[in-house]
Amino acid sequence: QKQLVESGGGLVQPGGSLRLSCAASGFSLEHYAIAWFRQAPGKARERVAAISGGGTITNYADSVKGRFTISRDNSENTVALQMNSLQPENTAVYYCAAHFDGGQLLPRSEDYNYWGQGTQVTVSS
């Protein structure tokens, strides 16, 4: 069974950091682009960051550039999202998603074929 599983979420104070991980089972991520999406209550789902299958191309939402870093380790079949300088507005459920890498990092949630269950990130003092 093809699955993605997120981990690493939790409660952090403003200014703190978290590292999220997305692990694949049942298939290899080598040829898949991976993105992190987030969704807060009352807000649309937003693509936060994306990375190509080979790890050479990345995209970030403007709001997280310089603070978040996406990376992957295809030998371990995982993708990570390092989140620094977290603020309350970053509170959301964060999802890992994948689509086959045909040469573009697709922008919409509808374009992604495989999804994890989500992990809650709460930034609060």
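How each quantity is defined
Residues numbered from 1 in each chain as written. Predicted model: local features only at pLDDT ≥ 70, side-chain atom pairs only at ≥ 80, totals over all residues. Heavy atoms only, no water. Phe/Tyr/Trp six-rings, centres within 6.5 Å; stacked < 30°, edge-to-face > 60°. Helix = DSSP H or I, 4+ residues; strand = E, 2+ residues; numbered from the N terminus. Buried < 20%, exposed > 50% of the residue type's maximum accessible area, 1.4 Å probe, protein only. Lys NZ or Arg CZ within 6 Å of the ring centre and 35° of its normal. Disulfide = S-S within 2.5 Å. Salt bridge = Lys/Arg side-chain N within 4 Å of Asp/Glu carboxyl O. Polar contact = N/O pair within 3.5 Å; in protein donor to acceptor, adjacent residues only side chain to side chain. Contact = heavy atoms within 4.5 Å.

Visitor: Any chance you could explain the packing of aromatic side chains here in plain terms?
Guide: Centre distance and the angle of the planes are the two values used to describe a pair of aromatic rings. By the definition in use, this model includes eight aromatic pairs. Both rings, one in Y32 and one in F100, keep their centres 5.6 Å apart while their planes meet at 85°; by these two values the pair is edge-to-face. Taken together, the residues span a long stretch of sequence, with Y32 in strand β4 (residues 32–39) and F100 in strand β9 (residues 92–100) at a distance of 68 residues. When its relative accessible area of 13% is taken as the criterion, Y32 is described as buried. F100 sits in the exposed class, given a relative accessible area of 52%. Plain terms: the ring middles of Y112 and W115 are 6.4 Å apart, the flat faces sit at 70° to each other, and that makes the pair edge-to-face. Among the residues examined, Y112 registers a relative accessible area of 4% and is labelled buried. An aromatic cluster of three or more residues is present, and its members are F27, Y32, F100 and Y114. The residue whose ring lies beneath R45 is W115, and the NZ or CZ to ring-centre distance is 4.9 Å.

Visitor: What's the story with the state of the cysteines in this structure? I'm lost.
Guide: By definition, a disulfide links the sulfur atoms of two cysteine residues through a covalent bond. Scanning all chains against the criterion turns up one disulfide. Sulfur-sulfur distance for the disulfide between C22 and C96 comes to 2.0 Å. Linking C22 and C96, the disulfide has an S-S dihedral of approximately -75° and is accordingly described as left-handed. Remark: C96 occurs in strand β9 and C22 occurs in strand β3 (residues 18–25); sequence separation between them is 74 residues.

Visitor: Mind showing me how you'd approach the pattern of salt bridges here?
Guide: Two side chains bearing opposite charge may form a pair once their charged atoms approach each other closely. Within the structure shown, the criterion is met by three salt bridges. K65 is the partner of D62 in a salt bridge, and the nearest nitrogen-oxygen pair spans 3.1 Å. Residue D62 shares its accessibility class with K65, and that shared class is exposed.

Visitor: Please clarify how unusual backbone geometry should be interpreted in this entry.
Guide: Excluding glycine, a negative phi dihedral is what most residues carry, and trans is how most peptide bonds are arranged. The backbone of N77 sits at a positive phi, close to 60°, despite the residue not being glycine. With respect to the element layout, N77 can be found in the loop between β7 (68–73) and β8 (78–83). By relative accessible area, which is 15% here, N77 ends up buried. Although it is not a glycine, S85 adopts a positive phi angle of roughly 50°. Summarising the element assignment, S85 is placed in the loop between β8 and β9. A relative accessible area of 36% means that S85 is categorised as partly exposed.

Visitor: Can you help me understand the side chain of N77 in this one?
Guide: Here the side chain of N77 touches L29 through a polar contact of 2.8 Å, landing on its backbone nitrogen. Excluding residues that lie within four positions of it along the chain, N77 makes contacts with C22, A23, A24, F27, S28 and L29.

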